[in-house]
Amino acid sequence: MRDVAVVSFAQSKHERALPGINEVEMLMPVVGQVRDQIGLDKNRVGFTCSGSTDYLAGQAFSFVMTLDGIGAWPPISESHVEMDAAWALYEAWVKLQMGEIDIAMVYGYSKTSPGDLPDVLTRQLDPYVYAPLWPDSISLAALQAQAVLDEGGTSEREWAEIAARSRASAKNNPNAQLTGDFDPEAILAEEYLVAPLRKHDCPPITDGAAAIILAADDAAREFSKRPAWIRGLEHRIDPQSLGVRNLTRVVSLEQAGEAAGVSKDKIDFAELHAPFTYQEVLAKRALGLSDEVSINPSGGALAANPMMAAGLVRIGEAADRIIAGEGDRAVASATQGACMQQNLVCVLEGE
Amino acid sequence: MGKIKALEGVEPVTMIDTPARLDYTFTAGRATSRFLKGLEQKKLLGERSAATGKVYLPPRGADPVAGVPTEEQVEVADYGVVTSFCVVNVKFYGQAMECPYVCALVVLDGADIATFGLIQEIPYEEVRPGLRVEAVWVDDSELGTTLENIKYFRPTGEPDAPAESYKEHV
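Basis of the calculations
- Residues numbered from 1 in each chain as written.
- Chains lettered and ligands numbered in written order.
- Predicted model: local features only at pLDDT ≥ 70, side-chain atom pairs only at ≥ 80, totals over all residues.
- Helix = DSSP H or I, 4+ residues; strand = E, 2+ residues; numbered from the N terminus.
- Buried ≥ 20, exposed ≤ 12 C-beta atoms within 10 Å, placed from the backbone.
- Domains from an automatic or database assignment.
- Contact = placed C-beta atoms within 7 Å.
- Axes fitted to C-alpha atoms, helices over the stretch in contact; angles between N-to-C directions.
- Parallel < 35°, antiparallel > 145°, perpendicular 65-115°, else oblique.
- Nonpolar A, V, L, I, M, F, W, Y, C, P; charged D, E, K, R; others polar.

Residue and element names in this part refer to chain A. The residue S169 is located in helix α7 (residues 156-169) in this model. With 20 C-beta atoms counted inside 10 Å, the residue S169 sits in the buried group. For the pair S169 and P297, spaced 128 residues apart in the sequence, the C-alpha separation amounts to 5.7 Å.

Turning to the domain arrangement of chain A, a few remarks are in order. Residues and elements named next belong to chain A. One can read the domain layout of chain A as domain 1 (4-114 + 205-227) and domain 2 (117-204 + 229-349). Inter-centroid distance (C-alpha atoms) of domain 1 to domain 2 is 22 Å. Contacts between domain 1 and domain 2 engage 38 residues on the former and 31 residues on the latter. Among the secondary structure elements, those contributing two or more residues to the side of domain 1 that touches domain 2 are β1 (4-11), α2 (54-57), α4 (85-97), β4 (103-110) and β7 (208-216). Top contributing element to the side of domain 1 that touches domain 2 by residue count: α4, with six residues.

All names here are of chain A. Put simply, α7 and helix α11 (residues 277-287) touch, their axes get as near as 8 Å, and they point 100° apart. Here α7 lies roughly perpendicular to α11, going by the angle between them. Contact residues: α7 offers E158, W159, I162 and A163, while α11 offers T277, Y278, E280 and V281.

All names here are of chain B. Taken domain by domain, chain B consists of domain 1 (27-76) and domain 2 (78-170). Computed over C-alpha atoms, the centres of domain 1 and domain 2 are 20 Å apart. Residue-level contacts link 13 residues of domain 1 with 14 residues of domain 2. In terms of residue count, the dominant contributor to the side of domain 1 that touches domain 2 is helix α1 (residues 30-39) (three residues). Here the residues of the side of domain 1 that touches domain 2 are counted per class, giving eight nonpolar, one polar and four charged.

Encoded structure:
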C-alpha cells in the first residue's frame, strides 16, 4: 500500500441558504483555497473526483456544469459519485494506490435550499415500495430513534446533551451554521418535531461545499510538514430495505470500523457524521469509542450539514487537527442513506 | 420459498405507476443574473476572464479553462459571424418553426464563444460559415429577462468573414 495523506482542506462558510449564487459560484472559492493555501498548481492534480447529486439543485447534470469552476483544460482525469464526497475521496485514494498519480483533488457540495430537503431525500429510497409513500427523512430518522430508545441504553436527555455539546463546540468553528449555548433542560422542554425527535435532535439544512487535496508519499511531504496520513479507509453498506435491518445497530459502520482498524490503537478524537443526535450514540457504539474520546470538536453535522459534503468535512476537520498537532490518531466517519444505510470510516494519523 | 396461501391465483404485479413531483426555486447565479437583466435592456453582457482574456456569453461566473471567477462585465455586439449551422428538416411534437429552417452557432463580435440562434430572411441553402448576421429583437414592449428576446439572426449584407477569423470556433 502507498502512504496517502490529506494535505489540504477547505470549506465554505455554511449557510441555510445562499440565494444569489449558483453551485459553481459557491464551489469555486473553496476549490481555489484548497489549492492556493498549499501553493499547488492545478496542473499537478492527477485526478479529480466530486460528490454531489442533481436532486438537490433540481438541475440535470449539475456536476458537469460545476466543472467550469475547476479549470478542466488541458483535459483532466475526472470522476463523480452520486454520494457524499467522502466516497469520492475513497475513489481518489484507490486511484492513488494504483500508483499512476501522486496528487488528487476531491470536492463535494450542495445547494439544498432550492428544494424541500426531507421530500427530496425520499427519492433515494427504493422506487417500488418505499419511495411511493414519500416517507420524509425526519420521519424515517424518528422511526430509527424510537427503536433505539425502546432498546434502551440511551435517552432523550443524552440526545439533548449531544445537541448542546455540538453547538457549543461549534462556537470555535468559523464555518459552522448553528452555534451557541443551549440548555439541555430547555431543549427537553420543547415539543417533538416528529416523536421522539425534537428540532434540536435534527441537523440544520445547509448550502455548502468542501474540498480536500490528497497526496502520496514524497508529494505529501512536499506540501505538509505533518501530513494527516490515511491509515485505514473502508466503506460498507446495509440493505436498502428498512424492514430487513435491525435499526438499533449499524452493522455496516461496525464492519467498516473494524476493517479500517479503528480499535488497533488509541483514538484521540473523532469526527462522526451523525446528522441526528441519536445517530452519534449509534456511531460511537459501532466504532467502539470510549467516553475518553473527544467527539466532534468541530460541532459536527448538528452544527452544519451540507449534503454531499458533510462526510468529507468530517475527514477534513479531523485531518486539520492532526496537521495542527492537536492529536496523533483520529477517526472520521461519513454516513448516507436512510437511517445510516451506507457508512465510510477513515483513520488518520500524524507522525 | 413457501407460497402465501392468500396470494394463490392472484395476478402478479408487473408494472406500477409512481408519480413524483418536486418543486425547486432555481438560482441562475450572479453572472447569469446580470446577463438576464441585461437582456431586458437589449444588452448582451458577457464576462471576461482575467486569466485567459476570453469573454464568455452567456456567463456562468467561471472561466472553465482556468477555473477562476470571471469578474469584468463586457458588453458584446448583437451581430457576429455564423461558424456552423444545421438545416432542420425533421418535424417533431411541439415544433414552433416550419421546416426547413436553420439553427446556427453565431460568434458575436466581442465574444469568444458561440451563441445558438435561428437564421432567417435568407434562403436556407444560402446559409454558410462566415455569413455575417445581426440579431432581430422582439418589440421593446415584449422584452423580458430571456434569450427569447432575440427572435432570430438575419444577414447584415457585409462581406463574409474570412475563415481564418473564426477557425478557433469551428
